[in-house]
Amino acid sequence: MSEARSGRKELYTLSAAYFFSYMGVGAIQPYLKPYLEDLNGWSGPKSAWVLGSVYLSGIFAQFVSVTMVRMFGPRLTVIIGLGFCTAFSWLIVLHPTSFPLLLAFGVIWGWGASCLWVGGPSIVLDNADEKTYGSASSVLHASVFFSQGLGVLVLGWIASEYGRPKLFIVAAVISIIANVISFGLPRARAKVERVSLLEGMKVLCSWQGLIVSILMLSSSFGFGILLGNLSSSVAEARQDFSSVGTLTLGFYIARLVLGWAAGPLSDRFGRAPLLVFGYGSAAVGLFLAGFSDHPAVVTFAALSLGIQIGAATVTVTALIGDWAPPAKRHVILGTLQMWKGVGAASTIILGQYLKIWMGGYETTFFIFSGLMAICVVLALVLGALFKQEE
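Here we summarise the structure given alongside this text. The numbering scheme is per chain: residues are counted from 1 as the chain's sequence reads. Thresholds applied to this predicted model are a pLDDT of at least 70 for local features of residues and 80 or more for the giving and counting of side-chain atom pairs; totals over whole chains, interfaces and linings are not thresholded and use all residues. Water and hydrogen atoms play no part in the side-chain values, which are based on all heavy atoms of the structure.

### Observations regarding the overall build of the protein
For the protein, the helix and strand inventory stands at 16 helices and zero strands. Across the 390 residues of the protein, 59% fall into the buried class. Contacts are residue-level and defined by heavy atoms, with any inter-residue pair within 4.5 Å sufficient. Restricting the contact set of the protein to residue pairs at least 6 apart, pairs at least 24 apart contribute 85%. The accessible surface values rely on the Shrake-Rupley method and a 1.4 Å probe; as for residues, cover is taken only from the protein chains in view. Looking at the protein as shown, the accessible area adds up to about 15,000 Å², and 69% of this sits on carbon and sulfur atoms. Numbering goes from the N terminus for both helices and strands, where a helix is a DSSP run of H or I of at least four residues and a strand is a run of E of at least two. Residue exposure (1.4 Å probe, protein chains only): buried if accessible area is under 20% of the type maximum, exposed if over 50%, otherwise partly exposed.

Printed below as a string of structure tokens:
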């Protein structure tokens, strides 16, 4: 088998495993917080800590995941990560009332997710050439974005027709398919250097590195806002759990479209224009959401957040391929994924407290709109810095 065909097989097998994981456990995220509030009578901040623990643990688990890639290779790291993610999906089915257990398994889920996003992109970039980093990244991310959007829609329908507990049972069963597929990943081990995290972090100390770190931090803002703020505001305003999936579906559709298109477009036109478009869209959508909770405005806000995370996630991954030394990519990915976890956790948890302090979600949306606008400026600066080096 040629090297190119082998690389495609690895990419497609990896994408298939991620597809079912994100259609299963990955798709329960917008339903998790409202479900725990209603089932257990927990406050918004307390329920947010369960999902927040996933992203907070992912921050520190990056260091462990980098070590796992170095010791076991990205294939086994991904297999272990998928197993950890599936474990949470079964806990929410079997014991959804124990706050300590949910936090503990949230930490395990976050560790599993960090394994996926250190090991997976390492496999993708190792099997792509320098002209197709964006396109290869798009295949993996589009698989995730499509499956998660489909999962949210299907699980929402199951909840409305058969009740919310059935939603989580179906998600747990789907997640097991991902575990089975992952064993089909080729056994070839990526060549990685035994470099320390400190060495990898030194690469991030340039102006480009600092801006890439900030953009990675903020690339997860869209998802954090959707899970911690927009979903809750929809559920509270409509008093209808199933409407969360309907009104936020645009997020998943836009994220899929941009996830698929951003890579090839950034390969052709450059990374900065895609980043400006993504963050600019989110800034406008959140600004409008601060004024109204009308269904059309909420739908547009969700759509704009999908554009932001779709464009930013794929383009920043391609940037790492452009700029990071190949043998140190797993370390760079681990460090940058840490910032991504910080961004998601802070928006999920902080957004709930901002709502309490400010008396509603409106001010929260305005604050994050301003942060997205700052990212537009940083993307323009980053583009200028890369042009100077050409």
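### Examining the side chain of Ser143
One can find Ser143 in helix H6 (residues 133-162). Among the polar contacts listed, one links the side chain of Ser143 to the backbone oxygen of Ser15, at a separation of 2.7 Å. With residues up to four places along the chain from it excluded, the contact list for Ser143 reads Ser15, Ala16 and Phe19. Identification of polar contacts relies on pairs of N or O atoms within 3.5 Å, with a donor-acceptor requirement for protein atoms, meaning one able to donate a hydrogen and the other able to accept it, and with residues adjacent in sequence counted only if both atoms are side-chain atoms.

### Description of the packing of aromatic side chains
Aromatic rings from Phe, Tyr and Trp, with only the six-membered ring used for Trp, were paired whenever their centres fell within 6.5 Å, and each pair was classed as stacked if the ring planes differed by under 30 degrees, edge-to-face if by over 60, and tilted otherwise. Within this structure, the stated rule accounts for twelve aromatic pairs. Considering the side-chain rings of Tyr18 and Trp117, the 5.4 Å spacing of their centres and the 80 degrees angle between planes classify their relative orientation as edge-to-face. Of the two residues, Tyr18 is situated in helix H1 (residues 3-23) and Trp117 in helix H5 (residues 99-126); the sequence distance between them amounts to 99 residues. Residue Trp117 is classed as buried on the basis of its relative accessible area of 10%. Here the aromatic residues Tyr18, Tyr22 and Trp117 are joined through ring pairs into a cluster of three or more. The ring of Phe99 has Lys46 sitting right over it, with the charged end atom 4.9 Å from the ring centre. Whether a charge sits over a ring comes down to the Lys NZ or Arg CZ being within 6 Å of the ring centre and within 35 degrees of the ring normal.

### Quick look at a nonpolar patch on the surface
Residues Val284, Phe287, Leu288, Phe291, Phe300, Leu303 and Phe366 make up a contiguous nonpolar surface patch of about 620 Å² in total accessible area. Taken together, the elements giving at least two residues each to the nonpolar patch come down to helix H13 (271-289) and helix H14 (295-323). Considering each element in turn, the nonpolar patch owes the most residues, three residues, to H13. Patches here: salt-bridge-free residues with over 30% relative accessible area, like charges joined within 9 Å, nonpolar side chains (Val, Leu, Ile, Met, Phe, Trp, Tyr) joined within 5 Å. Think of a salt bridge as a Lys or Arg side-chain nitrogen and an Asp or Glu carboxyl oxygen that are within 4 Å of each other.

### Observations regarding the state of the cysteines
Two cysteine sulfurs form a disulfide in these notes if their separation is within 2.5 Å. Per the counting criterion, the structure on display carries zero disulfides. Of all cysteine sulfurs in the structure, the one in Cys115 sits closest to Cys85, which takes part in no disulfide; the separation is 8.2 Å. Of the residues examined, Cys85 reaches a relative accessible area of 3% and is grouped as buried.

### Regarding the pattern of salt bridges
Applying the stated criterion across every chain, the model contains three salt bridges. Between Asp267 and Arg271 there is a salt bridge whose closest N-O contact spans 3.0 Å. The class for Arg271 is buried, based on a relative accessible area of 12%.

### So, helix H12 (residues 249-269)
Expected span of a helix: the number of residues minus one, times 1.5 Å. The terminal C-alpha atoms of H12, which comprises 21 residues, lie 29 Å apart, in line with the 30 Å expected from a rise of 1.5 Å per residue. Largest kink in H12: about 35 degrees, centred on Ala262, with the proline Pro264 one to four residues after it. Of all the positions in H12, only Leu249, Gly250, Phe251, Tyr252, Ala254, Arg255, Leu258, Gly259, Ala262, Gly263 and Ser266 are classed as buried. Note on H12: the residue one or two positions beyond its end, Gly270, has a positive phi of about 105 degrees. Given a residue, its bend is the angle between the two axes fitted to the seven residues that end at it and to the seven that start from it.

### A short note on the packing of helix H2 (residues 29-40) against helix H3 (residues 44-72)
Here, axes are lines fitted to C-alpha atoms. For helices the fit covers the stretch in contact, and angles between N-to-C directions go from 0 to 180 degrees. Look at H2 against H3: their axes get within 8 Å of each other, and the N-to-C directions meet at 145 degrees. For the pair H2 and H3, the crossing hand works out as right-handed. The segment H2 lies against H3, with Gln29, Leu32, Lys33, Leu36 and Glu37 engaging Gly44, Ser47, Ala48, Val50, Leu51 and Tyr55. In this scheme the crossing of two helices becomes right-handed for a clockwise turn of the near helix relative to the far one and left-handed for an anticlockwise turn of less than a right angle.

### Quick look at the nonpolar core
Within the largest apolar cluster, 84 residues are counted, with the highest numbers of intra-cluster contacts made by Tyr18, Ile28, Leu32, Trp109 and Leu275. Considering each element in turn, this core owes the most residues, twelve residues, to H14. The residues contacting Leu32, other than those within four sequence positions of it, are Val50, Leu51, Phe88, Ile92, Trp109 and Phe168. Nine residue types can take part in a nonpolar core, namely buried Ala, Val, Leu, Ile, Met, Phe, Trp, Tyr and Cys, and a core is a set of them joined through side-chain atoms within 4.5 Å.

### A look at the environment of Tyr22
Its location among the elements puts Tyr22 in helix H1. Sequence spacing of Tyr22 and Phe145 is 123 residues, and the spatial spacing of their C-alpha atoms is 8.0 Å.

### Considerations on the packing of helix H4 (residues 74-94) against helix H7 (residues 164-182)
Contact geometry for H4 and H7: axes closest at 9 Å, N-to-C directions at 165 degrees. Judged on the interaxial angle alone, H7 and H4 are roughly antiparallel. When the axes of H4 and H7 are compared, the crossing they make is left-handed. Residue-level inspection shows Ile79, Leu82, Gly83, Thr86, Ser89, Trp90, Ile92 and Val93 of H4 in contact with H7, the latter providing Phe168, Ile169, Ala172, Val173, Ser175, Ile176, Ala178, Asn179 and Ser182. For classification purposes, angles smaller than 35 degrees are called roughly parallel, those larger than 145 roughly antiparallel, those between 65 and 115 roughly perpendicular, and all remaining angles oblique.

Don't take any of this as a statement about function, it's just geometry.
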